[in-house]
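Structural characterization, general
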Amino acid sequence: EPEVTQTPSHQVTQMGQEVILRCVPISNHLYFYWYRQILGQKVEFLVSFYNNEISEKSEIFDDQFSVERPDGSNFTLKIRSTKLEDSAMYFCASSDYTHLNEKLFFGSGTQLSVL
Amino acid sequence: TQLLEQSPQFLSIQEGENLTVYCNSSSVFSSLQWYRQEPGEGPVLLVTVVTGGEVKKLKRLTFQFGDARKDSSLHITAAQPGDTGLYLCAGVGNQGGKLIFGQGTELSVKP
């Protein structure tokens, strides 16, 4: 069964450093997302991406965050200067629907720890 | 801002018991999804409910969407240890796009 893959599974970084989280969505999907889950809190939407541009972003997704689809397969989330509060599990997701019947496939996540 | 309140947050029951998890909001959602998440994994979609009043069954799991599309429930009959996990509800807002998640229900089924 096709799946969304994320690398690395764990990332430890120092505060102020840049990190890039990588995702390979399901190959025929057109919509891509990043969500995050801080330990003990809700899964939160960060950004959605379609047709090579951001279609929606949350207030969390500030200037420190960026997304890119550098080639036909990868979808990356970059955090320019990490803060302690960026520590969370980051999930990539993809879908081939929009609106009412969204069916999202989530990756296994990248656990980011900012020290 | 649309919010989803999920209850209970924790549920520990014996094998064979029935349980219901609730997901409530003051807002209308165009559809609502239920996910199950295992430790170290991403959420896995169980079902999507779209129509107010809709009921869907997945083996021993029954999902219901409220008539007004503001709430949903997940009922598990004769729970088994394999049902143990984190159950998440998530709503698709009226403008489509992002999912809004509830805080999750951590279910533990003891043999």
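Residues numbered from 1 in each chain as written. Chains lettered and ligands numbered in written order. Predicted model: local features only at pLDDT ≥ 70, side-chain atom pairs only at ≥ 80, totals over all residues. Heavy atoms only, no water.

A closer look at unusual backbone geometry
Our working rule: Each helix is a run of H or I in the DSSP string that is no shorter than four residues. Each strand is a run of E no shorter than two, and both are numbered from the N terminus.
Along the chain, threonine 7 of chain A connects to proline 8 of chain A via a cis peptide bond; the corresponding omega equals -10 degrees. Relative to the helices and strands, proline 8 of chain A is located in the loop between β1 (5-7) and β2 (10-13). In this structure, the amide linkage connecting serine 7 of chain B to the following residue, proline 8 of chain B, adopts the cis form with an omega of -10 degrees. As for its position among the elements, proline 8 of chain B is in the loop between β1 (5-7) and β2 (10-14). At asparagine 51 of chain A, a position not held by glycine, the phi torsion is positive, near 55 degrees. Residue position: asparagine 51 of chain A is located in the loop between β5 (43-50) and β6 (53-57). Positioned with a positive phi, asparagine 52 of chain A is a non-glycine residue whose angle comes to about 65 degrees. Structurally, asparagine 52 of chain A is set in the loop between β5 and β6.

What to know about the sheet that holds strand β7 (residues 61-65) of chain B
The strands that make up a sheet pair up through hydrogen bonds in the backbone, lying either parallel or antiparallel. All names here are of chain B. Selection criterion: DSSP bridges decide pairing: two strands pair if at least two such bridges lie between them. Convention adopted: a line fitted to C-alpha atoms gives each axis, helices being fitted over their contacting stretch, and angles between N-to-C directions are expressed from 0 to 180 degrees.
The strand order across the open sheet formed by five strands is β1-β3-β8-β7-β6, and the pairing between neighbours is antiparallel. Each end of this open sheet is capped by a strand with a single partner; those strands are β1 and β6 (55-58). Pairwise comparison of adjacent strand axes, ignoring direction, gives a mean angle of 15 degrees for this sheet. As paired strands, β1 and strand β3 (residues 19-24) are joined by three bridges and run antiparallel to one another.

Section: the state of the cysteines
Applied cut-off: Two cysteine sulfur atoms make up a disulfide if the distance between them is within 2.5 Å. Each residue is placed in one exposure class: buried if its accessible area under a 1.4 Å probe, protein chains only, is under 20% of its type's maximum, exposed if it is over 50%, and partly exposed if it falls in between.
For the coordinates displayed, the defined rule picks out two disulfides over all chains. Disulfide pairing is shown between cysteine 23 of chain A and cysteine 92 of chain A; the S-S distance is 1.9 Å. Looking along the S-S bond of the cysteine 23 of chain A-cysteine 92 of chain A disulfide, the torsion reads about -65 degrees, which is the left-handed sense. Taken together, the positions of cysteine 23 of chain A in strand β3 (residues 19-24) and cysteine 92 of chain A in strand β9 (residues 88-95) put the pair 69 residues apart, joining distant regions of the chain. Two residues share a disulfide in this structure: cysteine 23 of chain B and cysteine 89 of chain B, whose sulfurs sit 1.9 Å from each other. Disulfide cysteine 23 of chain B-cysteine 89 of chain B: torsion about the S-S bond near 70 degrees, hence right-handed. On the criterion of sequence distance, the pair formed by cysteine 23 of chain B in strand β3 and cysteine 89 of chain B in strand β9 (residues 85-92) is long-range, its members being 66 residues apart. The burial state of cysteine 23 of chain B is the same as that of cysteine 89 of chain B; both residues are buried.

Examining the packing of aromatic side chains
Residue and element names in this part refer to chain A. Quick note on the threshold: Pairing of aromatic rings covers Phe, Tyr and Trp, the last through its six-membered ring, and needs centres within 6.5 Å; plane angles under 30 degrees mean stacked, over 60 mean edge-to-face, and all others mean tilted.
Tallied over the full model, the rule gives 14 aromatic pairs over all chains. Relative to phenylalanine 45, the ring of tyrosine 35 has its centre 5.5 Å away and its plane inclined at 70 degrees; by these criteria the two rings are edge-to-face. On the criterion of sequence distance, the pair formed by tyrosine 35 in strand β4 (residues 31-37) and phenylalanine 45 in strand β5 is long-range, its members being 10 residues apart. For the residue pair tyrosine 35 and phenylalanine 45, the accessibility class agrees, reading buried in each case.

A word on the interface of chain B and chain A
The condition that has to hold: Whether two residues touch is decided by their heavy atoms; if any such pair falls within 4.5 Å, the residues are in contact. Buried area, as used here, totals the accessible surface that two parts lose on assembly, with accessibility defined by a 1.4 Å probe and the loss added over both. Every case where a carboxyl oxygen of Asp or Glu lies within 4 Å of a side-chain nitrogen of Lys or Arg is listed as a salt bridge. When residue character is reported, Ala, Val, Leu, Ile, Met, Phe, Trp, Tyr, Cys and Pro are called nonpolar, Asp, Glu, Lys and Arg charged, and the others, Gly included, polar.
The interface of chain B with chain A comprises 26 residues on the first partner and 16 residues on the second. Carbon and sulfur atoms make up 55% of the surface buried where chain B meets chain A, a total of about 1700 Å² over both sides. Applying the counting criterion to the chain B and chain A interface returns zero salt bridges. Counting residues per element, the ones that place at least two in the side of chain B that touches chain A are β4 (31-37), β5 (44-49), β9 and β10 (99-101) of chain B. Sorting elements by how many residues they give to the side of chain B that touches chain A places β4 of chain B first, with four residues. Looking at side-chain class alone, the side of chain B that touches chain A contains 11 nonpolar, 12 polar and three charged residues.

Structural notes on the sheet that holds strand β8 (residues 75-79) of chain A
Residues and elements named next belong to chain A. Spatially, the four strands line up as an open sheet ordered β1-β3-β8-β7, and their pairing is antiparallel. In this open sheet, the two edge strands, each paired with only one partner strand, are β1 and β7 (65-68). Strand after strand, the sheet turns through a mean of 20 degrees between neighbouring axes, direction not considered. The sheet contact formed by β1 and β3 spans three bridges and is antiparallel. Paired with threonine 5 across the strands is valine 24, a residue of β3.

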